[in-house]
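The residues making up each chain are set out below.
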Amino acid sequence: MEKFNDKVVLITGGTSGIGKATAQQFIEQGATVIITGRHQDTVDQTARELGERGHGVVADSSSISDLKKLAETVKSKTGKVDVLFVNAGYGKFAPIPEIDEEHYSQQFDVLVKGSIFTVQSILPLMGEGSNIILNTSVVTEQGMPGASVYSAAKSAVQSLLKTFAAELSEQKIRVNAVSPGPIETDFFNKTGMNDEEQEGFAETVLDKVPMKRFGKSKEIADAVLFLASENASYIHGTEIYIDGGMVQF
Ligand SMILES: NC(=O)c1ccc[n+]([C@@H]2O[C@H](COP(=O)([O-])OP(=O)(O)OC[C@H]3O[C@@H](n4cnc5c(N)ncnc54)[C@H](OP(=O)(O)O)[C@@H]3O)[C@@H](O)[C@H]2O)c1
């Protein structure tokens, strides 16, 4: 049975990796899905791949005016949002001496400002029984050299989870988060590390993962669909770690 028939799902950063895999699964489960990204070509391409219930809107999550326009477009297209997956983001890594203002601002803009203003813009389209799912990261639980700014920004998102959940309880909107460990996506190509540094990083990270492998986008998508479903009807304000045990031992 399709679990999300007649549901509208908005996924920020849905053109690749975790967001795209989640969009595909919601489509398979009967939902109408709107994805965002910063580039017209990848947004159009992804919307085409999703099929007739898939839509794409170009919106930069670090721009409040883009997020307001996104809300207007979604309102005119579907009139409502049942599930909002606040997923857009990337991690830029640098050792402390190399962090500059641009690095700091860009990371906090897409992850923290982006989460706050995505939720603020879309909230008027969300009714009782709808769901917000944030995307945090295991970096909130473990010190990882080079990841100061990214980890601090994701820790702010983790904090938003608690406050959003407390504040939206009265409106009967559940708010939860997925906290991925290392997942096979384009993420690591965008960190600023070269191939050799990425290999070294992967080795160090895998040492810390009891299951000794990277996760797959589908494994995060499974958790998002669970949190958005009636099977999770009493789960509110929490994070699910999908990390092969990385932060559990
Ligand atoms: N992969 C991991 O190991 C891992 C672990 C923990 C958490 N996460 C989190 O998972 C989320 C998705 O990452 P991923 O691993 O799936 O990486 P990915 O394959 O690089 O996907 C990132 C997505 O976010 C979009 N995006 C980036 N900046 C954006 C912006 N300013 N506005 C709108 N969209 C934006 C990208 O689209 P465009 O570039 O086309 O705009 C793309 O669709 C991120 O929040 C990341 O921090 C990933």
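Procedures and definitions
Counting of residues starts from 1 at the beginning of each chain's written sequence and follows it residue by residue. Residues qualify for local features only when their pLDDT is at least 70, as the model is predicted, and side-chain atom pairs are given and counted only at 80 or more; totals for whole chains, interfaces and linings, by contrast, use all residues. Only heavy atoms go into the side-chain values, all of them from the structure, while hydrogens and water stay out. What counts as a helix is a DSSP run of H or I of at least four residues, what counts as a strand is a run of E of at least two, and both are numbered from the N terminus. Burial classes follow relative accessibility: with a 1.4 Å probe on protein chains only, a residue under 20% of its type's maximum area counts as buried, one over 50% as exposed, and anything between as partly exposed. Two rings from Phe, Tyr or Trp (for Trp, the six-membered ring) form a pair when their centres sit within 6.5 Å of each other. Planes less than 30 degrees apart are called stacked, planes more than 60 degrees apart edge-to-face, and all others tilted.

Enquirer: Give a detailed account of the overall build of the protein chain, specifying residues and quantitative values.
Expert: In terms of regular secondary structure, the protein chain is built from 7 helices and 7 strands. For the protein chain, the spread of C-alpha atoms along the three principal axes comes to 45 × 35 × 35 Å. Across the 249 residues that make up the protein chain, the buried fraction comes to 51%.

Enquirer: Tell me about the packing of aromatic side chains, residues and numbers included.
Expert: In the structure shown here, the tally under the stated rule is 9 aromatic pairs. Ring geometry for Phe93 versus Phe187: centroids 6.3 Å apart, planes at 70°, classification edge-to-face. One end of the pair, Phe93, is in the loop between strand S4 (83-86) and helix H4 (101-122); the other, Phe187, is in the loop between strand S6 (174-180) and helix H6 (195-207), with 94 residues separating them in the sequence. Taken as a pair, Phe93 and Phe187 share a single burial class, namely buried. A ring pair is formed by Phe93 and Phe201, whose centres lie 5.5 Å apart and whose planes are at 55°; its orientation type is tilted. Here Phe201 lies in helix H6 and Phe93 lies in the loop between S4 and H4, a separation of 108 residues in the sequence. Phe201 shares its class with Phe93; the two are buried.

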